[in-house]
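Letter by letter, the chains look like this.
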Amino acid sequence: MNILNRDLNLLLTFHLLYQERNASRAAQLLNVSQPALSHKLNKLRHEWGDPLFVKTARGLTPTPKANQLAEQIAQLLPTLERFYALHSEPDFLQREDEIRIALPESVEVDVLPPLFRRVRERAPNVRLLTLQSRGEVLYEKLRQGSCDIAVCRDVNQIQEGYVQQTLGEEPYVALVSSANSLVKPSLTLERYLACDHLVITPDGGLLSDVDDALKALNMARHSVIGLSNNQARNQILLENPTTLVTTTARQARLALGHYPNLLEIHPLPFNVPPISLYLVWHQRTDEDPLRRWLREQLLLCFQAR
């Protein structure tokens, strides 16, 4: 059999070199030294009778032979991962590991507690580390392995080498002080625009999706304060009764839970597309059973909100 003389580990070396086009980054991902990676590359070249990668000013450039091999190797590796995961790690939930999750504050508040409880009950040797994000796709961190899973918003088109899964949608509502007389008896567009507006965006700016929706109606709101998180939101609304914040329905319900008689929720009097949320991870971790299980738990926690 031809396979008797083959080193299957070299397939992963080839795959990472082809993806990264950089020997240093590939060595880091493989957790080997540069000399060890050079040895593996020499074995690959000998095995295939081709240079495979040529050094250029931009890094490693694949040869035609490497391009020919790349697609088939990329398809083969997940099959091998599934095979070994199935037969060598039946009790993966007992594995000792660290998993890093990036998620925006709006999701962290109510998804992280039940997720942590599930992990402690089912996978007690796993340590969760969280990175607060603005909802963007952290491609570099996912590629380097410093982040395993990212909760992202409004992903239009994912880059090659990454995987995404839809979490769900977050509709917008208006949250105001119960003392806000400008929105009585019900919130109309005219009353909405009469209010001062608190805006919450990742960078603390005053423009968001809401302003795009109003611009389409040839309207604009009077935004007076921009925040980068929700920490001061409730107190600002309570101390400034003419102020209104447009936020997600989930965030509004959480606020109402803290101040049931002091805050109130109103449906928006115009259409704003809901926020779409996604899980994104690197293809390298797609078949890891522990990380796959954690992604499933994240989805369940989000759906149970």
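Basis of the calculations
- Counting restarts for each chain, with residues numbered from 1 along the sequence as it is written.
- At least 70 in pLDDT is required for a residue's local features to be given in this predicted model, at least 80 for side-chain atom pairs to be given and counted, and no such filter applies to totals for whole chains, interfaces and linings, which use all residues.
- Side-chain descriptors were evaluated using all non-hydrogen atoms of the structure, hydrogens and water having been removed beforehand.
- UniProt positions are given in the numbering used here, feature names are shortened, and annotations may be inferred rather than shown by experiment.
- Only runs of H or I of at least four residues qualify as helices and only runs of E of at least two qualify as strands under DSSP, and these elements are numbered from the N terminus.
- Burial status follows relative accessibility: with a 1.4 Å probe on protein chains alone, a residue under 20% of its type maximum counts as buried, one over 50% as exposed, and anything between as partly exposed.
- Any pair of residues with heavy atoms lying within 4.5 Å of one another is described as a contacting pair.
- The aromatic pairing rule takes the rings of Phe, Tyr and Trp, using the six-membered ring of Trp, and pairs them if the centres are within 6.5 Å, calling planes under 30 degrees apart stacked, those over 60 edge-to-face and the rest tilted.
- Think of it this way: DSSP has to see at least two bridges between two strands before they count as a pair.
- To obtain each axis, a line is fitted to C-alpha atoms, and for helices this fit is confined to the stretch in contact; angles are then taken between N-to-C directions over 0 to 180 degrees.
- For salt bridges, the criterion is a side-chain nitrogen of Lys or Arg within 4 Å of an Asp or Glu carboxyl oxygen.

As recorded by an unreviewed UniProt entry, the protein carries the name LysR family transcriptional regulator and is attributed to Vibrio porteresiae DSM 19223. The annotation that UniProt attaches to the protein under Sequence similarities (unreviewed entry) is "Belongs to the LysR transcriptional regulatory family."

The next point concerns the UniProt feature "domain: HTH lysR-type" (unreviewed entry) in the protein. With numbering matched to this structure, UniProt assigns "domain: HTH lysR-type" (unreviewed entry) to residues 6–63. As annotated, residues 6–63 has a helix share of 60% and a strand share of 14%, and its two end C-alpha atoms lie 21 Å apart.

What follows deals with the side chain of Glu170. Looking at the secondary structure, you find Glu170 in strand S6 (residues 162–170). Accessibility expressed as a relative area gives 9% for Glu170, which makes it buried. With residues near it in sequence (within four places) discarded, Glu170 still touches Thr248, Arg250, Pro274, Ile275, Leu277, Phe302 and Arg305.

What follows is about the packing of aromatic side chains. Scanning all chains against the criterion turns up four aromatic pairs. Centroid distance Phe14 to Tyr18: 6.0 Å. Interplanar angle 15°. Geometry classified as stacked. Of this pair, Phe14 and Tyr18 both sit in helix H1 (residues 9–20), four residues apart, which is roughly one turn of that helix. With centroids separated by 4.8 Å and ring planes inclined at 75°, the aromatic side chains of Tyr139 and Tyr162 adopt a geometry described as edge-to-face. Taken together, the residues span a long stretch of sequence, with Tyr139 in helix H6 (residues 139–144) and Tyr162 in strand S6 at a distance of 23 residues.

The next thing to look at is the sheet that holds strand S10 (residues 243–248). Neighbouring strands of a sheet are bound in pairs by backbone hydrogen bonds; such pairs are parallel or else antiparallel. Taken in spatial order, the five strands of this open sheet run S9-S8-S10-S7-S11, and their pairing is mixed. Pairing within the sheet leaves two strands with one partner each, and these edge strands are strand S9 (222–227) and strand S11 (263–266). Strand-to-strand twist in this sheet, taken as the mean axis angle between neighbours without regard to direction, amounts to 30°. Where strand S8 (residues 196–200) meets S9, five bridges bridge the pair, whose relative direction is parallel. In the sheet register, Asp196 faces S9, and the bridge partner there is His222. Across the sheet, helix H10 (residues 249–258) lies against strand S7 (172–177), S10 and S11, angled at about 120° from S10, the strand it touches most.

A few words on the pattern of salt bridges. With the rule as written, the count across this model stands at 18 salt bridges. A salt bridge links Asp97 to Arg291; the shortest N-O distance between them is 2.9 Å. Separated by 194 residues along the polypeptide, Asp97 in strand S3 (residues 97–103) and Arg291 in helix H11 (residues 289–303) bring together distant segments of the chain. In this structure, Asp97 and Arg291 share a single accessibility class: buried. Of the charged contacts, one joins Arg221 and Asp211 as a salt bridge, the two residues approaching to 2.9 Å between their closest N and O atoms. Of this pair, Arg221 sits in the loop between helix H8 (209–215) and S9 while Asp211 is found in helix H8, placing the two residues 10 residues apart along the sequence. Here Arg221 falls in the buried class, since its relative accessible area comes to 10%. On the basis of relative accessible area, Asp211 is assigned to the buried category, the value being 13%. A cluster of three or more residues bridged by salt bridges with shared partners is formed by Arg95, Asp97, Asp148, Asp288 and Arg291.

Time to look at the sheet that holds strand S12 (residues 275–282). Taken in spatial order, the five strands line up as S4-S3-S5-S12-S6 in an open sheet, and their pairing is mixed. Every other strand in the sheet has two partners, leaving strand S4 (126–132) and S6 as the edge strands with one partner each. Averaged over all pairs of adjacent strands, the angle between their axes in this sheet comes to 20°, without regard to strand direction. Bridging between strand S5 (residues 149–153) and S12 involves four bridges; their strand directions are antiparallel. Within S12, the residue paired with Val151 across the bridge is Leu279. Here helix H5 (residues 105–122) sits on the sheet in contact with S3, S4, S5 and S12, set at roughly 175° to S4. On top of the sheet, H11 reaches S3, S4, S5, S6 and S12; it is set at about 40° to S3, its chief contact.

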